[in-house]
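One letter stands for each residue in the lines below.
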Amino acid sequence: MASPLGQQGRPVDDVIADLSAKREHDVRWEDGKAFGMIYDGGPGVHEAAERAARLYLHENALNTKAFPSLGAIQSEVVGWTANLLNGPDTASGFLTSGGTESILCGVKAARERGRAERGIEEPEMVVAESAHAAFHKGAHLFGIQLHKVPVRDDWTADVDAMADEVNDNTVLVVGSAPQYPQGVVDDIPAIAALAAGVGANCHVDGCMGGFVLPFAERLGRDVPPWDFRVDGVTSISADIHKLGYAPKGVSVILHRTKELRRYQTFVFDDWLGGFYASPNLQGTRSGLPMAAAWAVMQHLGIDGYLELTRVMLDNADRMRAGIAEVDGVRVLGDGAYQLIAMAADPESAGDPIDVFALGDALERRGWFHDRQGPPDSLHSTVSNSNTGVIDDYLEALAASVDEVRGTSTDDRSTNYATLE
Ligand SMILES: Cc1ncc(COP(=O)(O)O)c(C=O)c1O
């Protein structure tokens, strides 16, 4: 049985010292050695977030009558994001706690719209096998039959296979910009056209790309059409707590119109506690991540994001180029942004590489990747956090490849997310 909470409280200094000690085995993200999970915008961003967090540590956006500042913060952050994603004047949305919640809200809105406008009682949705696991969670929670289709050789969703699954019960067709595993952008115009053809929603998962692609485009990179400029795209999720560089707990869900947004919300007026309206899946909503996101976005401005994106993409390009030089491994697909999947190269001259054994060897050298698959590969979300360490990483990679060549590990588990 778990030990009980102590009867007597303890001095704050002791408590904080214990907490600090607990972090001993956590990944050393401050050293730039984690490729994902933490996206570090640098000291100015830290300061903006930390000072805003202190101001809003206790505030609750459950009721914006009590905290009108949080209502304003939400609408300003959502508005700035809609503008970045080329939303029309009608675009509207909400802040959520993260990408998963934004996606769940998008899935729920699609189901409600299908029921209200097309009388669909047995809703279905179509996603590629590369779409984030949160869509499966949504299908599970909201009772939607999910059709999963393969990806093409370039790792984008197979749109022909999607077309085969779209029917009169389809409420949602999903595209990713970019998808997480290999970092490529799906053919969003084709996917949106499929959805529009039956009057269904098209949700674009821009959780990873929402705060990257707009800046990559301004930097002159080749960015395929993916946002509200594409006809038929009805909703987009974009995570400020990823490459928007805010601390964890904040994402944006945007709909093309307020009417479409209405299908996401829950309103209940038959409770002894009074009128209950909630924009997303939460009840009590911490003001902290909302205010921190507001402060980080204001602190960075477009120019700050452009610079962070330029540095991040430069880091990723150098990493891709470096991996291509190492015999035994290769990058999967043609991802041009911050996400990289590294797998064994079947055309390598030497003994084969087991990438999971390689991941272990890199971890022993302090570098942390998620293991993903199929196919077995090591995932990197490169960011500004990895500035200045790419050469060290590539050195560690070459040494680790030499160390594990011809060996393998029995542990075939992947580890995107864990339970306890
Ligand atoms: C493409 C994509 N969608 C959705 C998510 C889920 O976001 P969150 O972890 O904030 O729930 C992620 C997370 O990495 C992602 O990469």
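We now turn to the structure provided with this report. (Residues numbered from 1 in each chain as written. Predicted model: local features only at pLDDT ≥ 70, side-chain atom pairs only at ≥ 80, totals over all residues. Heavy atoms only, no water.)

1. What about the packing of helix H4 (residues 99–118) against helix H5 (residues 133–142)?
For step 1, the next point in the chain: Where H4 meets H5, the axes come as close as 9 Å, and the angle between the chain directions of the two elements is 45 degrees. Between H4 and H5, the crossing angle belongs to the class labelled oblique. The crossing of H4 and H5 is right-handed. Residues Thr 100, Ile 103, Leu 104, Val 107, Lys 108 and Arg 111 of H4 form the contact with H5, whose own contacting residues are Ala 134, Phe 135, Lys 137, Gly 138, Ala 139, Leu 141 and Phe 142. (Axes fitted to C-alpha atoms, helices over the stretch in contact; angles between N-to-C directions. Helix = DSSP H or I, 4+ residues; strand = E, 2+ residues; numbered from the N terminus. Parallel < 35°, antiparallel > 145°, perpendicular 65-115°, else oblique. Left-handed = near helix turned anticlockwise from the far one by under 90°. Contact = heavy atoms within 4.5 Å.)

2. Considerations on the sheet that holds strand S12 (residues 370–372)
For step 1, the next point in the chain: In space, the 4 strands of this open sheet follow the order S10-S11-S13-S12, with antiparallel pairing throughout. Each of the sheet's edge strands pairs with one partner strand only, and the pair in question is strand S10 (329–331) and S12. The mean inter-strand angle of the sheet, taken between neighbouring strand axes irrespective of direction, is 35 degrees.
For step 2, the next point in the chain: The pairing of S10 with strand S11 (residues 339–344) spans 3 bridges and is classified as antiparallel. When the bridges of S11 are listed, Val 331 appears paired with Met 342.
For step 3, the next point in the chain: Most of the contacts of helix H10 (residues 287–325) go to S11, to which it runs at about 10 degrees, and overall it touches S10, S11 and strand S13 (377–381).
For step 4, the next point in the chain: Its contacts with the sheet put helix H11 (residues 355–364) on S10, S11, S12 and S13, and the angle it makes with S13 is roughly 50 degrees. (Pairing = 2+ DSSP bridges.)

3. What to know about the site of the ligand
For step 1, the next point in the chain: With respect to spatial proximity, 14 residues lie near the ligand, and among them Thr 100, Asp 205, His 241, Lys 242 and Tyr 416 are the closest.
For step 2, the next point in the chain: One of the side-chain N or O atoms of Thr 100 is found 2.5 Å from an oxygen atom in the ligand.
For step 3, the next point in the chain: A distance of 2.8 Å separates an oxygen atom of the ligand from a polar side-chain atom of His 241.
For step 4, the next point in the chain: For the ligand, whose free accessible area comes to 390 Å², the fraction covered by protein is 87%.
For step 5, the next point in the chain: Of the residues forming the shell around the ligand, the biggest block, 3 residues, is contributed by H4.
For step 6, the next point in the chain: For the shell around the ligand, a count of residues per class yields 6 nonpolar, 5 polar and 3 charged. (Near = heavy atom within 4 Å. Polar contact = N/O pair within 3.5 Å; in protein donor to acceptor, adjacent residues only side chain to side chain. Areas by Shrake-Rupley, 256 points an atom, 1.4 Å probe, with all protein chains shown as cover. Nonpolar A, V, L, I, M, F, W, Y, C, P; charged D, E, K, R; others polar.)

4. Quick word on the pairing of strand S6 (residues 235–238)
For step 1, the next point in the chain: Here S6 shows two buried faces, one formed by Ser 235 and Ser 237 and the other by Ile 236 and Ala 238.
For step 2, the next point in the chain: By the bridge criterion, 3 bridges tie strand S5 (residues 201–205) to S6 in an arrangement that is parallel. Within S6, the position partnered with Val 204 by the bridge is Ile 236.
For step 3, the next point in the chain: Crossover connection from S5 via helix H8 (residues 213–218) to parallel S6: handedness right-handed.
For step 4, the next point in the chain: Across 4 bridges, S6 lies against strand S7 (residues 251–255) in antiparallel orientation. The residue of S7 that forms the bridge with Ile 236 is Leu 254. (Buried < 20%, exposed > 50% of the residue type's maximum accessible area, 1.4 Å probe, protein only. Right-handed = clockwise from strand over helix to strand, strands pointing away.)

5. A short note on helix H7 (residues 188–198)
For step 1, the next point in the chain: For H7, every residue scored as buried is listed here: Ile 188, Ile 191, Ala 192, Leu 194 and Ala 195. One side of H7 carries all its buried residues, which in axial view fall inside an arc of 155 degrees.
For step 2, the next point in the chain: The secondary structure elements touched by the buried residues of H7 are helix H6 (159–165), strand S4 (170–176) and S5.
For step 3, the next point in the chain: Where H7 starts, the residue carrying a side-chain oxygen 3.3 Å from the main-chain nitrogen of Ala 190 turns out to be Asp 187. (Arc of directions from axis to C-beta.)

6. Structural notes on the packing of aromatic side chains
For step 1, the next point in the chain: Within this structure, the stated rule accounts for 9 aromatic pairs.
For step 2, the next point in the chain: When the centroid spacing of 5.1 Å and the interplanar angle of 10 degrees are considered together, the rings of Phe 215 and Tyr 305 count as stacked. Of this pair, Phe 215 sits in helix H8 while Tyr 305 sits in helix H10, and the two are 90 residues apart along the sequence.
For step 3, the next point in the chain: For Tyr 305, a relative accessible area of 2% gives the class buried.
For step 4, the next point in the chain: Each ring, one from Phe 266 and one from Phe 268, has its centre 6.2 Å from the other, and the planes form 20 degrees; the classification is stacked.
For step 5, the next point in the chain: Grouping aromatic residues by their ring pairs yields a cluster made of Phe 266, Phe 268, Trp 271 and Tyr 276.
For step 6, the next point in the chain: In this structure, Lys 33 is placed above the aromatic ring of Trp 367, and the distance from its NZ or CZ to the ring centre is 5.0 Å.
For step 7, the next point in the chain: Just above the ring of Tyr 263 sits the side chain of Arg 262; from NZ or CZ to the centre is 5.2 Å. (Phe/Tyr/Trp six-rings, centres within 6.5 Å; stacked < 30°, edge-to-face > 60°. Lys NZ or Arg CZ within 6 Å of the ring centre and 35° of its normal.)

7. Comments concerning the packing of H11 against helix H12 (residues 390–404)
For step 1, the next point in the chain: Direction vectors running N to C along H11 and H12 enclose 130 degrees, while the axes themselves pass 9 Å from each other. It follows that H11 is oblique to H12 by the angle criterion. When the axes of H11 and H12 are compared, the crossing they make is right-handed. Along its contact with H11, which presents Ala 357, Leu 358, Ala 361, Leu 362 and Arg 364, the element H12 presents Tyr 393, Ala 396, Leu 397, Ser 400, Val 401, Glu 403 and Val 404.
For step 2, the next point in the chain: Residue composition of the contact of H11 with H12, grouped by class: 9 nonpolar, 1 polar and 2 charged.

8. Some points on unusual backbone geometry
For step 1, the next point in the chain: Note the cis peptide between Ala 177 and Pro 178, where omega equals -10 degrees.
For step 2, the next point in the chain: Note that Pro 178 resides in the loop between S4 and H7.
For step 3, the next point in the chain: Cis rather than trans, the peptide bond between Pro 374 and Pro 375 has omega equal to -10 degrees.
For step 4, the next point in the chain: Here Pro 375 lies in the loop between S12 and S13.
For step 5, the next point in the chain: The phi torsion at Asn 86 lies on the positive side, around 55 degrees, for a residue other than glycine.

9. As for the sheet that holds S6
For step 1, the next point in the chain: The strand order across the open sheet formed by 7 strands is S1-S7-S6-S5-S4-S2-S3, and the pairing between neighbours is mixed. Bordering the open sheet on either side are strand S1 (92–96) and strand S3 (145–149), each of which pairs with just one other strand. Pairwise comparison of adjacent strand axes, ignoring direction, gives a mean angle of 20 degrees for this sheet.
For step 2, the next point in the chain: As defined by bridge partners, strand S2 (residues 124–128) adjoins S4 across 3 bridges and the pair is classed as parallel.

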